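Residue-level listing of the chains:
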Amino acid sequence: MSFWNEKKLEEMSIVQWESLCDGCGKCCLNKLIDDETEELYYTNAACHLLDDESGGCRRYPERFKYVPACTAITADNVAELTWLPDSCAYKRLYQGKTLPIWHPLLTGSKEAMHEAGISVKGKTINETKVRELEDYIVLWPLKDVE
């Protein structure tokens, strides 16, 4: 059963909600907003908890303990999180779109996502090694590949 087609975001169980996350890691990238234009820029400087080889959080269940500023994506705040990439399942479903063809709920694994270049796997630098975020601006997180 494709619960994501049957239920509204706010009707999903915690397990269903968590399974919507494809694990791409883009939300773990540091982002910059231009003060004058309010334009959003992604960097490849990732949260120090992100594992670059897997693209996943090393401490996901307790991430808020280690990174208090980490944002929990919820049905209540998904509309306000303008920094979510277009490939994000939460954002897509909120906007009335479908899951992309590479999504792990459709393919059964994260491999199709990695092969499509959607994840941050192998593309990041730990934020602790970065001095100036402006030097690490990248465009690839904005690509929405279906």
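Rules and cut-offs
Residues numbered from 1 in each chain as written. Predicted model: local features only at pLDDT ≥ 70, side-chain atom pairs only at ≥ 80, totals over all residues. Heavy atoms only, no water. Buried < 20%, exposed > 50% of the residue type's maximum accessible area, 1.4 Å probe, protein only. Helix = DSSP H or I, 4+ residues; strand = E, 2+ residues; numbered from the N terminus. Pairing = 2+ DSSP bridges. Core = buried A, V, L, I, M, F, W, Y, C linked by side-chain atoms within 4.5 Å. Contact = heavy atoms within 4.5 Å.

Trainee: Would you mind going over the pairing of strand β2 (residues 40-46) with me for this structure?
Mentor: Successive residues of a regular strand alternate their side chains across the two faces of the sheet. Burial runs high along β2: 5 of the 7 residues are buried. With 4 bridges joining them, strand β1 (residues 29-33) and β2 adopt antiparallel strand pairing. Within the sheet, the bridge partner assigned to Leu32 lies in β2 and is Tyr41. Counting the residues in the hairpin turn of β1 and β2 gives 6 residues, including Glu38, whose phi is positive at 65°. Two elements, β2 and strand β6 (residues 137-138), share 2 bridges in a ladder whose sense is antiparallel. Paired with Tyr42 across the strands is Val138, a residue of β6. Sheet analysis places β2 next to strand β5 (residues 125-126), joined by 2 bridges and oriented parallel. Residue pairing in the sheet places Ala46 in a bridge with Asn126 of β5.

Trainee: Would you mind showing me how to read the nonpolar core here?
Mentor: Side chains of a nonpolar character, in soluble globular proteins, are inclined to be buried together. Judged by nonpolar contacts, the single largest core of 16 residues is most densely connected at Met12 and Leu20. Elements with a contribution of two residues or more to this core: α1 (3-6), α2 (14-20) and α4 (89-94). Beyond its immediate chain neighbours, meaning those up to four positions away, Met12 contacts Phe3, Trp4, Lys7, Trp17, Leu20 and Leu93. In this structure, Tyr42, Ala46, Leu50 and Val138 belong to the second largest nonpolar core, which totals 7 residues.

Trainee: What am I meant to see in the environment of Cys28 here?
Mentor: With respect to the helices and strands, the residue Cys28 is situated in the loop between α2 and β1. On the basis of relative accessibility, which here comes to 24%, the residue Cys28 falls in the partly exposed class. C-alpha separation for the pair Cys28 and Thr71, spaced 43 residues apart in sequence, amounts to 9.4 Å. Here Cys28 is in contact with Ala45, Ala46, Cys47 and Leu50, once residues within four sequence places are set aside.

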